[in-house]
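Residue-level structure breakdown
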Amino acid sequence: MKRVLLAILIAIVGLPTIANTSHFRFVDGNPRQNDQMRLILDVASLRLTKLLDVKLPDTLTVAIVETQQQFDSLAGGRIPDWGAGAAVPARDLILLRRPMMNQYPGSLADLLEHELAHIALHNRVNGKYVPRFIDEGFASWFAGEWTFTNITTVASAQLTRSLLPLQKIDDVNSFHEAQASLAYSQSYLVVFYIYQRFGELGFLDLLDAFASGKQVSDAFRIALGVSFWDFELNYRRFLASNYTVFTILSDTMGFWIILAVVAVIGYLMVRKRKKDALGRWKEEEKYESTDFDYTGSDDEPWKNPTDNEDSEDFSSRR
Ligand SMILES: [Zn+2]
């Protein structure tokens, strides 16, 4: 489906426009998949160019690796074993690890968009320092990596008071997978929050501040007019009012899950009650009908209106 949409988008924007964006060179990988990836990257680079008002490198290399050793040496550092891909902006390089690249939670398209977004962002800040929560947040937000799991991750972190301080996310590569998942979810929401609260221009102003070499606190104050302390405080308030257990309940998927659980519990309770009632009837019949004669008034009590006691007895057994 995504491929069809990409083809339509290309038809609308036209190939000449795409010809002005990056060219992708593939090292390894099978030719058919490389062609599919090129299509995804062409469209993503066009979107990024417009969104960030940035020029992407003329040629980008996409290398497909299989071993951790290859992955680390090409990335120039230790890449966590849960990583399916990595971007090396200084070398205009995207690394994809097989077989994880084909098992990425969203899709291979999401992974490619994510890594290309890192390259575009780094070009936008001229290779200067940008905090990891902005870097990963933008890449995840651009690739649309947001599912019900992310909501539950943030909601449970709020419940257990284990939200990460944003600056700590700089160390995401040393996190274990579950903690990294929280870091990605929180980062996504930082960028989402900035776009919602300060708009697209606010986000670009922030990138400009980083591009001029500003540190986090100065960049936020200059670009968004708030101290970083206040920003984080307001961001947490935003999480507290939008990503809680109640959000899960109101989320369509969460609603259906909970409805299914309630239905199963309801079914089990009704079954148990029926079973208990049947047992009770059998017990009662054992004591009441010793002659096994069911042709009398007991079966049709309404035919004997004078026998009130029998009638009551019947109704209590139903
Ligand atoms: Zn990333």
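If you're wondering where the values come from, they're calculated on a predicted model, not measured in any experiment.

1. As for the overall build of the protein
Across its full length, the protein holds 13 helices and four strands. In the protein, which comprises 318 residues, the proportion classed as buried is 28%.

2. Notes on the packing of helix α8 (residues 177-211) against helix α9 (residues 216-224)
Across the interface, α8 lies against α9 with an axial gap of 8 Å and an inter-helix angle of 140°. The angle between α8 and α9 falls in the class oblique. Crossing angle aside, the handedness with which α8 passes α9 is right-handed. Here α8 contributes Phe 198, Gly 202, Asp 205, Leu 206, Asp 208, Ala 209 and Phe 210 to the contact with α9, which in turn contributes Ala 219, Ile 222, Ala 223 and Leu 224. In the contact of α8 with α9, the residues fall into eight nonpolar, one polar and two charged.

3. Some thoughts on unusual backbone geometry
Residue Pro 99 is reached from Arg 98 by a cis peptide bond, and omega for that bond is 5°. Backbone geometry places Asn 126, a non-glycine residue, at a positive phi of 55°. Tracing the backbone through its elements, the reader meets Asn 126 in the loop between α5 (108-124) and α6 (132-142). Phi at Arg 161 is positive, roughly 50°, even though this residue is not glycine.

4. Details of the packing of α6 against α8
Relative orientation of the contacting elements α6 and α8 amounts to 85°, with a least axis distance of 7 Å. It follows that α6 is roughly perpendicular to α8 by the angle criterion. In this structure, α6 uses Phe 133, Ile 134, Glu 136, Gly 137, Phe 138, Ser 140 and Trp 141 to contact α8, whose residues at the interface are Tyr 184, Gln 186, Ser 187, Tyr 188, Val 190, Val 191 and Phe 192. Tallied by class, residues from the contact of α6 with α8 come to nine nonpolar, four polar and one charged.

5. What to know about α9
Looking at α9, one finds that the buried residues are Val 216, Ala 219, Phe 220 and Ala 223. Looking straight down α9, one finds its buried side chains confined to an arc of 95°; they lie on one side. At the exit of α9 stands Gly 225, carrying a positive phi of roughly 70°.

6. Some thoughts on the confidence of the model for the protein
Here the protein averages 84 in pLDDT, while 81% of its residues score no lower than 70. Averaged over each element, pLDDT in the protein is lowest for helix α13 (residues 308-317) (38) and highest for α6 (98). Contacts of residues 15-19 to residues separated by more than four positions or lying in other chains number six contacts, the stretch itself having pLDDT below 50. Across residues 290-318 the pLDDT falls below 50, and counting only partners more than four positions away or on other chains, this stretch makes 14 contacts in the model.

7. Looking at the sheet that holds strand β1 (residues 23-27)
As summarised here, the arrangement of the four strands in space is β1-β2-β4-β3, forming an open sheet in which the pairing is mixed. In the strand order of this sheet, the two ends are held by β1 and β3 (85-88), each with one partner. The average undirected angle you get between the axes of adjacent strands in this sheet is 20°. Summarising the sheet, β3 and strand β4 (residues 93-97) pair through four bridges and their orientation is antiparallel. Residue Ala 86 lies in a different strand from β4, and its bridge partner there is Leu 95.

8. Things to note about the pairing of β4
When you tally the buried positions in β4, you get five out of five residues, the bulk of the element. Residue alternation in β4 divides its side chains into two sets, Leu 93, Leu 95 and Arg 97 and Ile 94 and Leu 96, and both sets are buried. Relative to β4, strand β2 (residues 59-65) runs parallel, the two being bridged by five bridges. Paired with Val 65 across the bridge in β4 is Arg 97.

9. Considering the environment of Met 100
In this structure, Met 100 sits in the loop between β4 and α5. On the basis of neighbour counts, which here come to 16 C-beta atoms within 10 Å, the residue Met 100 falls in the partly exposed class. With 16 residues separating them in the primary sequence, Met 100 and Ala 84 have C-alpha atoms 5.0 Å apart.

10. Quick word on the pairing of β1
Residues Phe 24 and Phe 26 line the buried face of β1, whereas the alternating positions His 23, Arg 25 and Val 27 sit on a face that is not buried. Note that β1 and β2 share five bridges and pair parallel. When the sheet's bridge partners are listed, Val 27 is paired in β2 with Ala 63.

11. With respect to α6
Within α6, 10 of the 11 residues are buried, leaving the element largely enclosed by the surrounding structure. What α6 keeps buried is the set Phe 133, Ile 134, Asp 135, Glu 136, Gly 137, Phe 138, Ala 139, Ser 140, Trp 141 and Phe 142. The elements touched by buried residues of α6 are α5 and α8. At the C-terminal side of α6, Gly 144 shows a positive phi close to 65°.

About the thresholds
- Residues numbered from 1 in each chain as written.
- Predicted model: local features only at pLDDT ≥ 70, side-chain atom pairs only at ≥ 80, totals over all residues.
- Helix = DSSP H or I, 4+ residues; strand = E, 2+ residues; numbered from the N terminus.
- Buried ≥ 20, exposed ≤ 12 C-beta atoms within 10 Å, placed from the backbone.
- Axes fitted to C-alpha atoms, helices over the stretch in contact; angles between N-to-C directions.
- Parallel < 35°, antiparallel > 145°, perpendicular 65-115°, else oblique.
- Left-handed = near helix turned anticlockwise from the far one by under 90°.
- Contact = placed C-beta atoms within 7 Å.
- Nonpolar A, V, L, I, M, F, W, Y, C, P; charged D, E, K, R; others polar.
- Arc of directions from axis to C-beta.
- pLDDT = per-residue confidence, 0-100.
- Pairing = 2+ DSSP bridges.

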